[in-house]
Amino acid sequence: MDYNFHWRPVFRSLPDLLNAGLVTLEVATLSMVFGVIIGIVFAIIRLNMRGPIRWFVISWIELARNTPALFQLFFFGFGLGAFGIHLTPFWIVLAGLTFNNAGYLAENFRGGFLAIPDTQMRAARSLGMNASQAYVRVIIPQVLRTVYHPMTNQMVWAVLMSSLGMLVGFRELSGETQFLASKTFRIFEYFAVAAVIYYVIVKIIIGSSRLLSFRLFRY
Amino acid sequence: MESTSIFFTSFKTTDLWFLAEAAYRTLLISGISISLGTALGLIFGWLLHEGRLISTFILSPFLDIFRSVPLIIQLVLAYNFAPIIGLNIDPFGSGAIVLTIYTTALVANVVRGGIDAVGIPMRRAARSLGMTYWQDMIYVVSPIGIRAVFPAWVGVALGVMKDSALVSVLGYVELLRASQILITRTQEPFLILALAGAFYFALSFPIARFSERLEKRWSQ
């Protein structure tokens, strides 16, 4: 083994990597926020509606779940170019992740809605709430509780998936790592440090979601 | 005009063969890693379930690393680490190794869940009927456990099939990489991406539906 590890250039650019880690967190969080909103709406549509809107929702969900995430990113990156739509790398990653998250979360939420007994809805309506009040104040809080763990998992997946941004030219943690590695050719060292940062990010997400669950689900 | 026409030619039927060959490579690498990873995952899952100190303090955190670091980073690391220790592995080899380890880490947890799904009273009953440990495992735990986690295993296998698209970063020409190459030449991104996506969808969707139906039937 005659390879000399050079860690110094990596540690010198550690601030850059950590900043890129924040970009990763930012895009993953944004995609989760949009994904949760779209997912809830889709779950409600899939359970309660008929007709073309329902078919649109079902095809979105099945496409998101049955094709590779990288394919989805490429589609938003290059496929839309056929229609003259050219997104910047940030929007490619955000759109791809949101598309994917919404598909998976919609299925989680559908399971969550099915787990709520009908009587909850009827009780809310007979208290004089209208349908949207009943959903927002009674049904959705309970659904969020049952899908809390799948949502945490999905957030972890969103962080891991955002690393695909590297392949569409987005400078999040992986993209930045690749950029810096190609300047110094210390590929292994840079990616090893990036792996550690990803690991820490994932552990922080899981740990904080567990802490938050103690606070949220006391009763 | 003469010179550009060499680089950009339209989509031909022979390109379909190119895509089909690439689809075969996708199937090959994911088939190998899913079968090897499942075999290893059975062993590691059993070790995780047995829960000795080694598995809780060493094996479990070790397997956890592969689920907490993006696959793309694992691939780049493995591909660049092999020459450091003097190995010369091609993209297919390092891709298959990383995908196998990744599958192992995921399947091990599924298997642990499956063994845990069989209640302790059931296992005690088997042992008190005079079964040995392995008879209990084969005739009691495996039929119940497999039913409990087979859908989860299908999910893992399909996930690995889809994630095998990432091996393209190492230069292995699988389906998505092949479509990229064709897009560069033909400048028809929508058609070619739609073809590639349709292949993944046609493979993944029926299997996912089948496992969903199986799950419903078994839970009755």
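What comes next is a walk through the structure. In this text, all values refer to a predicted model and were calculated from it rather than measured experimentally.

Per the stated rule, a full pass over the model turns up 23 aromatic pairs over all chains. Ring geometry for Phe 83 of chain A and Phe 190 of chain B: centres 4.9 Å apart, planes at 65 degrees, overall edge-to-face. Linking Phe 83 of chain A in the loop between helix 4 (69-77) and helix 5 (89-115) with Phe 190 of chain B in helix 9 (residues 189-219), this pair reaches from one chain into another. For Phe 83 of chain A, a relative accessible area of 54% translates into the label exposed.

Enumeration over the complete set of coordinates arrives at twelve salt bridges over all chains. Across the pair Glu 62 of chain A and Arg 46 of chain A runs a salt bridge, and its minimum N-O distance is 3.9 Å. A residue pair is termed long-range when its members are at least 10 positions apart, and Glu 62 of chain A in helix 3 (residues 52-66) and Arg 46 of chain A in helix 2 (residues 14-48) qualify at 16 residues. For the pair Glu 62 of chain A and Arg 46 of chain A, one class covers both residues: buried. What you see here is one network of salt bridges that share partners, running through Arg 46, Glu 62, Glu 107 and Arg 110 of chain A together with Arg 209 and Glu 212 of chain B.

Turning next to the interface of chain A and chain B. Contact with chain A, which involves 36 residues of that partner, is made by 32 residues of chain B. Taken together, both faces of the contact between chain A and chain B bury some 3,100 Å²; the carbon and sulfur share is 78%. Applying the counting criterion to the chain A and chain B interface returns two salt bridges. Of the charged contacts, one joins Lys 203 of chain A and Asp 64 of chain B as a salt bridge, the two residues approaching to 2.4 Å between their closest N and O atoms.

So, on to empty space enclosed by the protein. One pass over the full model with this rule turns up one cavity of 30 Å³ or more. What the largest cavity holds in volume is close to 50 Å³. Taken together, Glu 62, Arg 65 and Asn 66 of chain A together with Phe 205, Ala 208, Arg 209 and Glu 212 of chain B form the lining of the largest cavity. Elements with a minimum of two residues in the lining of the largest cavity: helix 3 of chain A together with helix 9 of chain B. Broken down by element, the residue count for the lining of the largest cavity peaks at four residues, all from helix 9 of chain B. Looking at the lining of the largest cavity, its residues break down into two nonpolar, one polar and four charged.

Residues and elements named next belong to chain B. Along the chain, Glu 174 turns up in the loop between helix 7 (133-163) and helix 8 (175-186). Among the polar contacts listed, one links the side chain of Glu 174 to the side chain of Tyr 200, at a separation of 3.4 Å. Ignoring any residue separated from it by four or fewer positions in sequence, one finds Glu 174 in contact with Ala 22, Arg 25, Thr 26, Ser 164, Ala 165, Ser 168 and Tyr 200.

Quick notes on the rules
- Residues numbered from 1 in each chain as written.
- Chains lettered and ligands numbered in written order.
- Predicted model: local features only at pLDDT ≥ 70, side-chain atom pairs only at ≥ 80, totals over all residues.
- Heavy atoms only, no water.
- Phe/Tyr/Trp six-rings, centres within 6.5 Å; stacked < 30°, edge-to-face > 60°.
- Helix = DSSP H or I, 4+ residues; strand = E, 2+ residues; numbered from the N terminus.
- Buried < 20%, exposed > 50% of the residue type's maximum accessible area, 1.4 Å probe, protein only.
- Salt bridge = Lys/Arg side-chain N within 4 Å of Asp/Glu carboxyl O.
- Contact = heavy atoms within 4.5 Å.
- Buried area = accessible area lost by both parts, 1.4 Å probe.
- 1 Å grid on protein atoms, 1.4 Å probe; cavity = no way out; pocket = protein on both sides within 12 Å on 5 of 7 lines; lining within 4 Å.
- Points joined across faces, edges and corners; volume = space filled by probe spheres on them.
- Nonpolar A, V, L, I, M, F, W, Y, C, P; charged D, E, K, R; others polar.
- Polar contact = N/O pair within 3.5 Å; in protein donor to acceptor, adjacent residues only side chain to side chain.

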